[in-house]
Amino acid sequence: MNVKTSLLLCLFFSLTASGISAAQDKSPQQAKSVSFFQVVQEKLQSWFVPKHVRERKQLLACAGLTGLTQNDKKKFQQESLSLRNRRDWLVLVDPQHVLPADYQPADMTAELKSGWPKKAQLRGEAMQQLLVMIEAAQKDGVRLVPISTYRTWQYQDGLYRRNLAQNGGKPSGYVARAGESQHHLGTAADFNTVSPKDENIPALMWLRRNAGEYGFSLSFPKGTEAEKESGYPYEAWHYRYITHEAVQLQDDFFGGNQHKTLKFLHNCVFDTQSDK
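Residues numbered from 1 in each chain as written. Predicted model: local features only at pLDDT ≥ 70, side-chain atom pairs only at ≥ 80, totals over all residues. Heavy atoms only, no water.

**Remarks on empty space enclosed by the protein**
Right, on to step 1. Under the definition given, this model contains 2 cavities of 30 Å³ or more.
Right, on to step 2. One number sums up the size of the largest cavity: a volume of about 60 Å³.
Right, on to step 3. Lining the largest cavity are Leu92, Val93, Asp94, Gln182, Ser219, Phe220, Ser230, Tyr232, Arg240, Gln258, His259 and Leu262.
Right, on to step 4. Among the elements that make up the lining of the largest cavity, the one with the highest residue count is helix 11 (residues 258-270) (3 residues).
Right, on to step 5. Classifying every residue of the lining of the largest cavity gives 5 nonpolar, 5 polar and 2 charged. (1 Å grid on protein atoms, 1.4 Å probe; cavity = no way out; pocket = protein on both sides within 12 Å on 5 of 7 lines; lining within 4 Å. Points joined across faces, edges and corners; volume = space filled by probe spheres on them. Helix = DSSP H or I, 4+ residues; strand = E, 2+ residues; numbered from the N terminus. Nonpolar A, V, L, I, M, F, W, Y, C, P; charged D, E, K, R; others polar.)

Structure follows, in C-alpha cells:
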C-alpha cells in the first residue's frame, strides 16, 4: 500500500468516525438529517480553512450582517474581537438580562463640581472620560451637568415604586425596574434634564454630536425600531460609557444603536466557546 492510499484511507475512516459521532450526539430525528457529506464538509473546513476565517464567518452570521466588502469584514472582526478584554464595561442590562440585587460596580469614584445638584458617582475610567468631556463642552460654551449617575438596586426599586404610584399603578416607561437599569452599572449618566421636551437644549445637542469621542453612547435613541429594540422610549439625556472601541463598532456596523451592539457582543463574542 503506497503513502497516497494510506492517507486516503485515514481520511475516510476519520470522516466516518466523525459522522457516527455527530449522529450519536443528536436526537433520532436530527441524526437522520446528518449526512456524510455534511460531516465531510465540516471536517475539511476545520482542516483547511484558517481559524480566523471561520471565526469571521461565524461573527458575521451571528450579527446578521451581509453585503460587506472583504475589508469591512476584516474590520468588523478586528473591532469585535478587540472588545473581549473590555467585557466588564459592556454588560448587557435590560428586562431579559437583570443584575442581581448585590451587584456592586468596581472602582467607584465620586466628584462634586460647582453647580452640580449632587455628587456624581461613576467607575474610575468612566469618571475620567466624563470630566474630560465636560471640560471640552465648556470650551464650546456648553454646560454639561450630570444630574443622575450611579444608583443602588434599593434606590432604583424605590424610584420604580414611586413612578408606579404616580401613574396609577402603570409604569411610565422612563423608569426601569431594579436590576434592569444601566445606572446600577456605575457607567451611566443623565445630563441636565429628564424632560422629553428638552431634547434640543444646547447640552443635549452637543452630546449627540460629541459624546462618542469620549466613549459615551446614547442608550435609548429615537425612532420606533430603536425604541422597540431597547424596550424604552427615547431619552435624549441618558448616556452610558461603553469605551471608545465599542462606540467605534456601534457606529461602524450597528447604525449607532447601543443595544444592538451590546446584544451582539453578549451573544456572539463574550458567550462563544473560544472566549471561555
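**Here we look at the nonpolar core**
Note that soluble globular proteins tend to have their nonpolar side chains buried in a common cluster.
Right, on to step 1. The biggest cluster of nonpolar side chains holds 47 residues, and the ones touching the most others in it are Leu90, Met133, Leu144, Phe191, Trp206, Leu207 and Phe264.
Right, on to step 2. Apart from the residues lying within four places of it in its own chain, the contact partners of Leu207 are Met133, Leu144, Phe191 and Tyr239. (Core = buried A, V, L, I, M, F, W, Y, C linked by side-chain atoms within 4.5 Å. Buried < 20%, exposed > 50% of the residue type's maximum accessible area, 1.4 Å probe, protein only. Contact = heavy atoms within 4.5 Å.)

**Points about the environment of Pro117**
Right, on to step 1. Residue placement: Pro117 occurs in the loop between strand 1 (108-111) and strand 2 (120-123).
Right, on to step 2. For the pair formed by Pro117 and Pro146, sequence separation is 29 residues and the distance between their alpha carbons is 8.3 Å.

**Some remarks on helix 7 (residues 153-166)**
Right, on to step 1. If you check helix 7, its first and last C-alpha atoms are 20 Å apart, about what 14 residues at 1.5 Å a residue would give, namely 20 Å.
Right, on to step 2. Along helix 7, the positions that sit buried rather than exposed are Gln156, Asp157, Leu159, Tyr160 and Asn163. Taken down its axis, helix 7 places every buried residue within 165° of arc, on the same side. In this structure, helix 7 carries Gln154, Arg161, Ala165 and Gln166 as exposed residues pointing more than 90 degrees from its buried face.
Right, on to step 3. After helix 7 finishes, the residue Gly168 shows a positive phi value of roughly 65°. (Expected span 1.5 Å × (residues − 1). Arc of directions from axis to C-beta.)

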